[in-house]
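Working through the structure, step by step
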Amino acid sequence: MTPPYVLDIQGLRITLPGTARRVLDGVDLTVAAGETVALVGESGSGKTLTSRSALSLLPPGALAEGTVAVAGDDVLTMSAEQVRALRTGTVAMIFQDPRAAINPLRRIGDFLTEGSVLTRTMSRTAATARATELLKAVGVDASVLGWYPGQVSGGMLQRVMIAASLMGDPALLLADEPTTALDVTTQAEAVALLGRLQQRFGTGLLFVTHDLDLAAALSDRVYVMYAGRIVESGPAHTLFTRPRHPYTAALLASTPRLDAPSGRLPAIDGQPPDLRTEVTGCLFAPRCPLATEVCDQREPDSRPVPGQTGQQAACHHSDRLGRSTADA
């Protein structure tokens, strides 16, 4: 039986003015109710644009094709009024830098309550009570309601951002690298907090990150994105222990680890393809140690990995990777 998806992206293609190829090219991605899904990849791979499509936050001039269904409704076909209603209660986003997302001239209490009050989903008294409850849930004293953003630390402000995202009791929560601006200790606290709140409220969570260890610790399933395409997906444990795409394997090999051998950290040679240049075949082929002639000629389809439930890879040579690196 198909689970109830709070986010169901199918065939999402986005083209921007001045580009020779699509920024997102056939993205398929799902998040079930109560599930945590990680979207990982290098900077510029299209992770943030994918997540923002669920809020209809696309760049000016963007042409979108496919479907982005949130709680069963296609965001790409919504009117402006429907999008406002969507952002008020159904889906919320935790942005990367809380200081850039919160108005420094307004009190934190106003930031937390004004959306609910202006849309008349709650009275001011009820909204303040809800904000107080959520601040307590994220470990922040209600006294900050009267403070300005500049009066609190970055870690506390990110907790405020998390509380704000839950004000409308959303079915879907989008977290766009929410720990990037925090120190390591505060990062760990924020991630643990997100996990507890997600379980408590039963919210579907799409966690966008380039930190593979973080994705492995937090998520149920993982999608790996490269140059606007999903190249591998599957259960977190399986994908990170037995990758079947060379890009996933290369990302894992280049992740710093305390028990890694001494010497230079492995890196992926080359650069992602330029959006101003048309590319035939596999986009990762110029950087891939397994690439052959077929990789330059034909784009690989995403296919199930034999013997691995729920895992898929878009690679002509995933079987070769399975016999070598992943099984070593």
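Please refer to the structure placed before this passage.
Residues numbered from 1 in each chain as written. Predicted model: local features only at pLDDT ≥ 70, side-chain atom pairs only at ≥ 80, totals over all residues. Heavy atoms only, no water.

A short note on helix 4 (residues 108-118)
Selection rule: Throughout this description, buried means an accessible area under 20% of the type-specific maximum (1.4 Å probe, protein chains only), exposed means over 50%, and partly exposed covers the range between. Working definition: helices are DSSP H or I runs of at least four residues, strands are E runs of at least two. Numbering for both runs from the N terminus. Think of it as the arc spanned by the lines of direction from the helix axis to the C-beta atoms. Between two residues, a contact is recorded if the distance between any of their heavy atoms is within 4.5 Å.
Those residues of helix 4 that fall on the buried side of the exposure criterion are I108, G109, L112, T113, S116 and V117. All buried residues of helix 4 fall inside an arc of 130° around its axis, so they share one side. Those residues of helix 4 that are buried are in contact with helix 5 (124-137) and helix 6 (154-165). Phi turns positive, to about 60°, at R120, one or two residues after helix 4.

Quick look at the sheet that holds strand 2 (residues 24-32)
As a reminder of what qualifies: If DSSP finds at least two bridges between two strands, the strands pair.
With respect to topology, 4 strands assemble into an open sheet ordered 2-1-4-5, the strand pairing being antiparallel. The open sheet is flanked by strand 2 and strand 5 (73-74), the only strands paired with a single partner. The sheet contact formed by strand 1 (residues 5-15) and strand 2 spans 7 bridges and is antiparallel. Counted as the bridge partner of Y5 is A32 from strand 2.

A word on the packing of helix 4 against helix 5
Our working definition: Helix axes are fitted to C-alpha atoms over the stretch in contact, other axes to C-alpha atoms as well, and angles between N-to-C directions run from 0 to 180 degrees. These descriptions rest on fixed angle ranges, namely under 35 degrees for roughly parallel, over 145 for roughly antiparallel, 65 to 115 for roughly perpendicular, and the rest for oblique. Crossing handedness: left-handed means the near helix sits turned counterclockwise from the far one by under a right angle, and right-handed means the same turn made clockwise. All residues other than Ala, Val, Leu, Ile, Met, Phe, Trp, Tyr, Cys, Pro, Asp, Glu, Lys and Arg, Gly among them, are scored as polar; the first ten of these are nonpolar and the last four charged.
Packing of helix 4 against helix 5 brings their axes to within 9 Å, and their N-to-C directions diverge by 140°. Taken together, helix 4 and helix 5 sit at an angle that is classed as oblique. Crossing of helix 4 against helix 5: the hand is right-handed. Contact residues: L112, T113, S116 and V117 in helix 4; R124, A127, T128, A131 and L135 in helix 5. Residues of the contact of helix 4 with helix 5, tallied by class, amount to 5 nonpolar, 3 polar and 1 charged.

Here's the deal with the nonpolar core
Our working rule: By convention a nonpolar core is built from buried Ala, Val, Leu, Ile, Met, Phe, Trp, Tyr and Cys residues, the set being connected through side-chain atoms within 4.5 Å.
By size, the foremost hydrophobic cluster in this structure holds 32 residues, and its most contacted members are I108, L112, L135, V138, I162 and L173. Those elements that place two or more of their residues in this core are strand 6 (91-94), helix 4, helix 5, helix 6, strand 7 (172-176), helix 7 (184-201), strand 8 (204-209) and helix 8 (212-218). What L135 contacts, discounting residues up to four positions off in sequence, is L112, V140, D141, A142, V144, L145, V160 and A163. Residues L39, L172, L174 and M225 belong to the second largest nonpolar core, which totals 30 residues.

Re the pairing of strand 7
Both faces of the sheet carry side chains from a regular strand, because those side chains alternate between them. For strand 7, the buried fraction is high: 5 of the 5 residues fall into the buried class. Side-chain alternation along strand 7 places L172, L174 and D176 on one buried face and L173 and A175 on a second face that is also buried. Direction of pairing for strand 6 relative to strand 7: parallel, over a ladder of 4 bridges. By the bridge assignment for strand 7, M93 is matched with L174. As defined by bridge partners, strand 7 adjoins strand 8 across 5 bridges and the pair is classed as parallel. Bridge assignment links L174 to a residue of strand 8, and that residue is L206.

Description of unusual backbone geometry
Despite not being glycine, A71 has its phi angle at roughly 50°, a positive value. Relative to the elements of secondary structure, A71 occurs in the loop between strand 4 (63-70) and strand 5. Of note, E177 is a non-glycine position whose phi angle comes to about 45°, a positive value. Relative to the helices and strands, E177 resides in the loop between strand 7 and helix 7.

Quick notes on the pattern of salt bridges
Test applied: Salt bridges are defined as contacts in which a side-chain nitrogen from Lys or Arg sits within 4 Å of a carboxyl oxygen from Asp or Glu.
The final tally for this structure, using the stated rule, is 10 salt bridges. For the salt bridge of R22 with D25, the shortest nitrogen-to-oxygen distance reads 3.3 Å. Accessibility expressed as a relative area gives 32% for R22, which makes it partly exposed. Exposure remark for D25: the relative accessible area of 18% places this residue in the buried category. Taken together, the shared-partner salt bridges in this structure form one network comprising R13, R22, D25, R229 and E299.

Notes on the sheet that holds strand 11 (residues 303-304)
As a general point, the strands of a sheet are linked pairwise by backbone hydrogen bonds and lie either parallel or antiparallel. With respect to topology, 8 strands assemble into an open sheet ordered 6-7-8-3-9-10-12-11, the strand pairing being mixed. At either margin of the open sheet sits one strand with a lone partner, and together these are strand 6 and strand 11. Strands strand 9 (221-226) and strand 10 (229-235) of the sheet are contacted by helix 10 (residues 246-253), whose axis makes an angle of about 100° with strand 9.

Details of the packing of aromatic side chains
Let me state the cut-off plainly: In this scheme Phe, Tyr and Trp rings, the latter by its six-membered ring, pair at centre separations within 6.5 Å, and the angle between planes marks the pair as stacked below 30 degrees, edge-to-face above 60, and tilted otherwise.
In the structure shown here, the tally under the stated rule is 3 aromatic pairs. Ring plane angle 55° and centroid distance 4.7 Å describe the contact between Y226 and Y247, whose orientation is recorded as tilted. Of this pair, Y226 sits in strand 9 while Y247 is found in helix 10, placing the two residues 21 residues apart along the sequence. Grouping residues by exposure puts Y226 and Y247 together as buried. When the centroid spacing of 5.1 Å and the interplanar angle of 80° are considered together, the rings of Y226 and F284 count as edge-to-face. Pair noted here: Y226 is in strand 9 and F284 is in the loop between helix 10 and helix 11 (293-297), with a separation of 58 residues, a long-range link. The exposure classification of Y226 matches that of F284, with both residues buried. Site record: aromatic cluster; members linked through ring pairs are Y226, Y247 and F284.

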